[in-house]
Amino acid sequence: MRPVNLFDYEKLAQERLEPAIWDFYHGGSDDEVTLRECRRAFERIRLRPRVLVDVSTIEMRTTVLGTPVSMPILIAPTAAHGLAHAHGEVATVRAAGQSETLMIVSTTAALGIAEVAAAASGPLWFQLYTHHSLEITGKLVRQAEELGYRAIALTVDIPRLGNRERDLYNKFVLEERTPLPNYPSQDITALERHMIDTWETVDWLRATTKLPILLKGILTAEDALLAIEHKVAGIIVSNHGGRQLDGAIPSIEALPEVVEAVKGRCEVYVDGGIRRGTDILKALALGARAVLIGRPIIWGLAVDGQQGVLRVLEILRNELEMAMALAGRPNLASIDPSLLKL
Ligand code: FNR
């Protein structure tokens, strides 16, 4: 089967991957309610298309924290791409470059952040999990800075690892399956015991780096306002792909309150369950500057390495283009809340 959409890649990836690895990538926490709801929440949103608009040219170039990208679609940080394909993050980052978009490289990458940067032809952000020692964390942040990473996305929704029962049944332990070179050796067996971050950690990070800081994993207006007080450059509205607090609201439903609280004082991004161009259109209409794609990137990688990731990105680009045309919104500025039936 030649894959036509992201769900085709999902099926093919499941066929290719060892079941325990599939479960690790696919799974959520507890009963996977949030994981399922993330999709349903998109399906519930309805659109109000305009007609007789000149949509002969569709323009979707934008900037993210000042960096130009060819589309408002970024690669979310996900762990251990080496379990999906031998070339791991190198394949992913090359595809990102070909698509002229940005990849957020995970602390839990199967390759070192230097190796990923060396293969990159496009812009990178670094997703940070703090380590026990702030000294070690600071070194990693400085290394990212020196390597040319353009922002630090601190993930804030993981004070401990969520209860991923598929992994428990499979006795799947990530650090037994893959090297995690961005963790110092004493931390490798203790992924779930990385430091408990607080707002002080955010202040520490701001004092440690000149790079702009994003907080990934905010779901409420209250925390969005605190993030503004702590002078972040961006917020990524996310529930970690349904892998942390089960029952947490779908991120697309949290987006409006965050956007409303922020009032343009920082950029707002969203991820979780985005599988179609129309999902992206809905996220943009609700005020996201761009969206992040998690699992589908891994599906592309598992099916066809760099080519697979590239295809997944290009399918999303084409679908967004189509959705913008059919909605009568030929450019990003024309995508606003009037597109939504609320
Ligand atoms: C993740 N996510 C994640 N987030 C993060 O900040 N650091 C990380 O290392 C990881 N690792 C990771 C591994 C796997 C297998 C998954 C599925 C997810 C969360 C990720 O960045 C993103 O928030 C979600 O994946 C978005 O949801 P979708 O697109 O997967 O539905």
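Computed from a prediction, not measured in an experiment: that's the story for all the values here. (Residues numbered from 1 in each chain as written. Predicted model: local features only at pLDDT ≥ 70, side-chain atom pairs only at ≥ 80, totals over all residues. Heavy atoms only, no water.)

Attention shifts here to the pattern of salt bridges. Across all of its chains, the model carries 15 salt bridges by this definition. Between Arg177 and Glu18 there is a salt bridge, and its shortest N-O distance comes to 3.0 Å. Separated by 159 residues along the polypeptide, Arg177 in helix α8 (residues 174-177) and Glu18 in the loop between α1 (6-16) and α2 (19-26) bring together distant segments of the chain. Taking the relative accessible area as the measure of exposure, Arg177 reaches 34% and is therefore partly exposed. With a shortest N-O distance of 3.4 Å, Arg289 and Glu267 are connected by a salt bridge. Of this pair, Arg289 sits in the loop between α12 (277-285) and β11 (290-293) while Glu267 is found in strand β10 (residues 267-271), placing the two residues 22 residues apart along the sequence. A relative accessible area of 33% means that Arg289 is categorised as partly exposed. Here Glu267 falls in the buried class, since its relative accessible area comes to 18%. Through salt bridges that share partners, Glu37, Arg40, Arg44 and Glu253 make up one connected network. (Salt bridge = Lys/Arg side-chain N within 4 Å of Asp/Glu carboxyl O. Helix = DSSP H or I, 4+ residues; strand = E, 2+ residues; numbered from the N terminus. Buried < 20%, exposed > 50% of the residue type's maximum accessible area, 1.4 Å probe, protein only.)

This next bit is on a positive patch on the surface. The grouping of Arg46, Arg48, Arg50 and Lys341 at the surface amounts to a positive patch. Among the secondary structure elements, Lys341 is positioned in strand β12 (residues 340-341). (Patch = residues over 30% accessible without salt bridge, like charges linked within 9 Å, V, L, I, M, F, W, Y side chains within 5 Å. Areas by Shrake-Rupley, 256 points an atom, 1.4 Å probe, with all protein chains shown as cover. Lys, Arg positive; Asp, Glu negative; His and termini not counted. Charge placed at Lys NZ, Arg CZ, Asp CG, Glu CD.)

Let us now look at the site of the ligand. Neighbouring the ligand are 22 residues, the closest being Pro77, Ser106, Thr155, Asp271 and Arg275. Here an oxygen atom of the ligand sits 2.7 Å away from a polar atom, N or O, in the main chain of Pro77. Measuring from a nitrogen atom of the ligand, one finds a side-chain N or O atom of His240 at 3.4 Å. For the shell around the ligand, the residue count by class is six nonpolar, 11 polar and five charged. (Near = heavy atom within 4 Å. Polar contact = N/O pair within 3.5 Å; in protein donor to acceptor, adjacent residues only side chain to side chain. Nonpolar A, V, L, I, M, F, W, Y, C, P; charged D, E, K, R; others polar.)

The sites that carry the UniProt feature "binding site: glyoxylate" (unreviewed entry) are, in the present numbering, Tyr129, Arg164, His240 and Arg243. Ignoring any residue separated from it by four or fewer positions in sequence, one finds His240 in contact with Tyr129, Thr155, Asp157, Ile158, Arg164 and Lys216. Its location among the elements puts Arg243 in the loop between β9 (234-237) and α11 (251-262). Judged by relative accessible area, which is 11%, Arg243 ranks as buried. Not counting chain neighbours up to four residues away, the residues in contact with Arg243 comprise Phe24, Tyr25, His26, Gly27, Gly28, Ser29, Gly162, Arg164 and Arg295. Within the structure, Arg243 has its side chain in polar contact with the backbone oxygen of Gly27 (distance 3.0 Å). (UniProt positions renumbered as here; feature names shortened; annotations may be inferred. Contact = heavy atoms within 4.5 Å.)

Glancing now at α11. Between its first and last C-alpha atoms α11 spans 16 Å; for 12 residues at 1.5 Å apiece the expected length is 16 Å, and the two agree. Among all positions of α11, only Ser251, Ile252, Ala254, Leu255, Val258, Ala261 and Val262 are buried. All buried residues of α11 lie within an arc of 155° about the axis, which places them on one face of the element. Of the surrounding elements, those touching the buried residues of α11 are α3 (33-44), β8 (213-218), α10 (221-229), β9, β10 and α12. Backbone geometry just after α11 places Lys263 at a positive phi near 50°. (Expected span 1.5 Å × (residues − 1). Arc of directions from axis to C-beta.)

A few words now on the side chain of Glu10. Within the secondary structure, Glu10 is located in helix α1. Summary of buried charges: Glu10 has no salt-bridge partner, and the nearest side chain of opposite charge, Arg275, is 5.7 Å away. When residues no more than four places from it in sequence are discounted, the contact partners of Glu10 are Trp22, His26 and Trp299.

This brings us to helix α9 (residues 199-208). Along α9, the positions that sit buried rather than exposed are Thr201, Val202, Leu205 and Thr208. An end-on view of α9 places all buried positions within 125° of arc, on one side of the element. For α9, the exposed residues lying more than 90 degrees away from the buried face are Glu200 and Ala207. As for α9, its buried residues are in contact with β6 (124-128), α6 (134-146), β7 (152-155) and β8.

Residues Gly234 and Ile236 of β9 are buried on one face, and the alternating residues Ile235 and Val237, pointing to the opposite face, are buried as well. Alignment of β8 against β9, held across four bridges, turns out to be parallel. Its bridge partner lying in β9, Leu214 is registered against Gly234. Here four bridges tie β9 to β10, and the two strands are oriented parallel to one another. (Pairing = 2+ DSSP bridges.)

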